[in-house]
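Letter by letter, the chains look like this.
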Amino acid sequence: MIILGLSGALNHDASAALLIDGEIVAAAEEERFIREKHAKNRMPLNAARFCLAFAGIDARDIDIVAYPYAPIGLGSPARWHYAKRHWYAPDRALDALLNGNRRYRRNRGRVLVMGTALGIDWSTTRFVPVEHHLAHASSSYHLSGFTERTAILGVDGKGEYATTFFGYGEGGRIHKIKELYDPDSISGVYGAMTEYLGFEMLDGEYKVMGMAPYGDAARHDLSRLFRPVRGEVEVDTRYVNTVGLRRYREDGVGYYFSRKLVDWLGPRRTDESLDEPFVHYAASLQKLFEDTCLHLVDTHLGAILAETGKLAFAGGGALNVKLNQRLIARADVKELFVQPAAGDSGTALGAATYVAAGCGENLSRMQHVYLGPVFSTDECQRALRAIAAPLESVRLEDVPRETARLLAEGNPVAWFQGRMEFGPRALGARSILGCPSVAGIADRINAQIKFRERWRPFCPSVLDRVAPQVIQSHHPAPFMTITFDVAESWKRRIPEVVHRDGTARVQVVEQATNPRYYALLEQMEALTGDAVVLNTSLNRQGEPIVCTPADALAMFVGSDLEYLVLEDLLVTKRR
Ligand SMILES: [Fe+2]
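Below or above, wherever it landed, is the structure these notes cover. These numbers come from a predicted model, not from an experiment. (Residues numbered from 1 in each chain as written. Predicted model: local features only at pLDDT ≥ 70, side-chain atom pairs only at ≥ 80, totals over all residues. Heavy atoms only, no water.)

Overview of the coordination of the iron ion
1) Next: In the first shell of the iron ion, the protein supplies H132 (NE2), H136 (NE2), D156 (OD) and D344 (OD), at 1.9 to 2.2 Å from the metal.
2) Next: Sequence spacing of the donor residues for the iron ion, all on one chain, is H-x3-H-x19-D-x187-D. Of this pair, D156 sits in the loop between β6 (150-155) and β7 (162-170) while D344 is found in the loop between β14 (335-338) and α12 (346-358), placing the two residues 188 residues apart along the sequence.
3) Next: Relative accessible area serves as the criterion here: at 4%, D156 is assigned to the buried category. (Donors = N, O, S within 2.8 Å, 3.2 Å for Na, K, Ca; no water. Helix = DSSP H or I, 4+ residues; strand = E, 2+ residues; numbered from the N terminus. Buried < 20%, exposed > 50% of the residue type's maximum accessible area, 1.4 Å probe, protein only.)

The structure is reproduced here in structure tokens:
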């Protein structure tokens, strides 16, 4: 059966994923093709075209289009909860009751139009909507490879109405235990506070998390923002997750927090500094988020975890790597699987897998994220010839060995290899690499291309046989979705990839899923003694990760980077 999953229902992170007989053949985010981060208000037409072309199939061959947004009946508590809690904005409250599936109908219409543009024949291809949180749940549970009863956690801003999901998977089926509904969204509060702390929602959450270790959570009590009560959470919408007239506005921009929050905490942060009181707010928010999630997991998933210890997690909140570290530290969690595309782009995969599982197809553990476009060295050469820039290139005899030499000499190297990653993390296909024992390499990468706040951590990729020594754990970590405490001896060896709190968000690299990256790490070990590289995404600030050789070359020319390894080619700038 051929199933095309699409995302973008919440007007960001449009993506496409193609499943053929239960196998993920291709998946990609629209932002990479249109070169606009998060592809806001876009449908995933280019991503879907790529998936079909990669698989060599025609749009008319698609059996089902699965979409992670479904109608919610008036019998569901979701719409009533929304209406009751938005009493202060009666137009919204009434709309939820009288016309609560308007957004679904609009979404469906957009998918039908896009499908027609793609060449789908809707008389033979079925459109199947999947509830947003069931899609997130499926993207983690059905791709976890867990065969026992598995606790499922979903934390994100908001789907149709649900914001937080607790359930379990058993025998390939997903069962709901409990949902929280808008405006009671802990992830939404994190997003609103991200805005208050001077960052943009969808990207800034990582920055708040990176800022938190610089502050003292005990300095400010933010618990009035929301409180967990007997397995429920009630957000105080007088401060955050506000809509309508309660929203704080500044220079014509509306925020998801209120004037009352500003009166309480002071003016929002507007500069790049790492100052008080904002670092303490970040620390306090992070702690409140973690504590609340853990409390809710206790309440709703504790019994299942006590039984099997297996936990699957998705939704934007699952990208909170510090929370994930605390989840795996729980005595009742034996293994945590986090969907690497935990944000909304992963719901394309989730909707497709949900439908596939319902049709009885076998799904197996997601081993890697290399699901995007791939380019041959010849195609790279053609892209190089097409660009009018003073560049030189040589074909490398041994790509891992010669790249390792450049890295060990203290150079940042742009690394473009194989199929592009699906999900927000660069995992050794579209990366900028550095040697983490070279003092100042992080600063050098920042100076040459990244220009990001120096206090934000860079992350390591580690060879699998060395990883347990570095992170003091045997827990799987292929996707940079969990932080670990770095062993004391390794903190001194690879200081450039250890965060202020002594943790690192590692990627453990296995030979089977990325042999060339693995070989590079082996060469690093031979040259430096440490089978570790600093790995950050291949993009300029504010741009999506590069997709094509042309994107990589344009980025390279527009930066101060000196070395680009483009498949088998080493590209340098003519002096
Ligand atoms: Fe979502």
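Don't stop here, the text continues.
A short note on the side chain of T163
1) Next: One can find T163 in strand β7.
2) Next: At a separation of 3.0 Å, a polar atom in the side chain of T163 contacts the side chain of T164.
3) Next: Apart from residues lying up to four places away in sequence, T163 is in contact with H133, G154, V155, D156, G157, K158, L180, Y181, D182, D184 and S185. (Polar contact = N/O pair within 3.5 Å; in protein donor to acceptor, adjacent residues only side chain to side chain. Contact = heavy atoms within 4.5 Å.)

With respect to the environment of Y255
1) Next: Assignment of secondary structure puts Y255 in strand β12 (residues 253-258).
2) Next: Using a relative accessible area of 10% as the deciding quantity, one classes Y255 as buried.
3) Next: A sequence separation of 148 residues divides Y255 from T403, and the C-alpha atoms of the two residues are 45 Å apart.
4) Next: Sequence-distant contacts of Y255, defined by excluding residues within four places in its chain, comprise E195, T242, R247, Y248, E250 and R268.
5) Next: Side-chain polar atoms of Y255 contact the side chain of R268, separated by 3.2 Å.

Quick word on the sheet that holds strand β24 (residues 569-573)
1) Next: With mixed pairing, the 8 strands of this open sheet are ordered in space as β15-β24-β23-β16-β17-β22-β18-β21. Strands at the two margins of the open sheet, each flanked by one partner only, are β15 (391-395) and β21 (507-509). Each strand of the sheet is rotated relative to its neighbour by a mean of 30°, with strand direction disregarded.
2) Next: Pairing analysis gives 3 bridges linking strand β16 (residues 413-416) to strand β23 (residues 563-566), with the strands arranged parallel. Pairing of A414 across the sheet is with L564, part of β23.
3) Next: Packed onto the sheet, helix α14 (residues 399-408) meets β16, β17 (430-434), β22 (532-537), β23 and β24 and runs at close to 155° relative to β16.
4) Next: Contacting β16, β17, β18 (459-463), β21 and β22, helix α18 (residues 515-528) runs over the sheet at an angle of about 90° to β18. (Pairing = 2+ DSSP bridges. Axes fitted to C-alpha atoms, helices over the stretch in contact; angles between N-to-C directions.)

Remarks on the sheet that holds strand β8 (residues 173-181)
1) Next: The 5 strands are arranged β8-β7-β6-β13-β14 in an open sheet whose pairing can be described as mixed. Strands at the two margins of the open sheet, each flanked by one partner only, are β8 and β14. Geometrically, the sheet is characterised by an average inter-axis angle of 20° between neighbouring strands, direction not taken into account.

So, the packing of aromatic side chains
1) Next: Within this structure, the stated rule accounts for 16 aromatic pairs.
2) Next: Judged by centre distance (6.3 Å) and plane angle (35°), the ring pair of Y67 and F127 falls under tilted. Of the two residues, Y67 sits in strand β4 (residues 64-67) while F127 sits in strand β5 (residues 126-129), which places them 60 residues apart along the sequence.
3) Next: Classification of Y67 by relative accessible area gives buried; the value is 0%.
4) Next: Pairing Y255 with F257 gives two aromatic rings, centres 5.2 Å apart and planes at 20°, and the pair type is stacked. You'll find Y255 and F257 in the same group, each marked buried.
5) Next: Members of the aromatic cluster, joined through ring pairs, are Y196, Y248, Y255, F257, F278 and Y281.
6) Next: Between the NZ or CZ atom of R149 and the centre of the ring of Y168, over which it lies, the distance is 5.1 Å.
7) Next: The side chain of R425 reaches across the aromatic face of Y206, ending 4.6 Å from its centre. (Phe/Tyr/Trp six-rings, centres within 6.5 Å; stacked < 30°, edge-to-face > 60°. Lys NZ or Arg CZ within 6 Å of the ring centre and 35° of its normal.)

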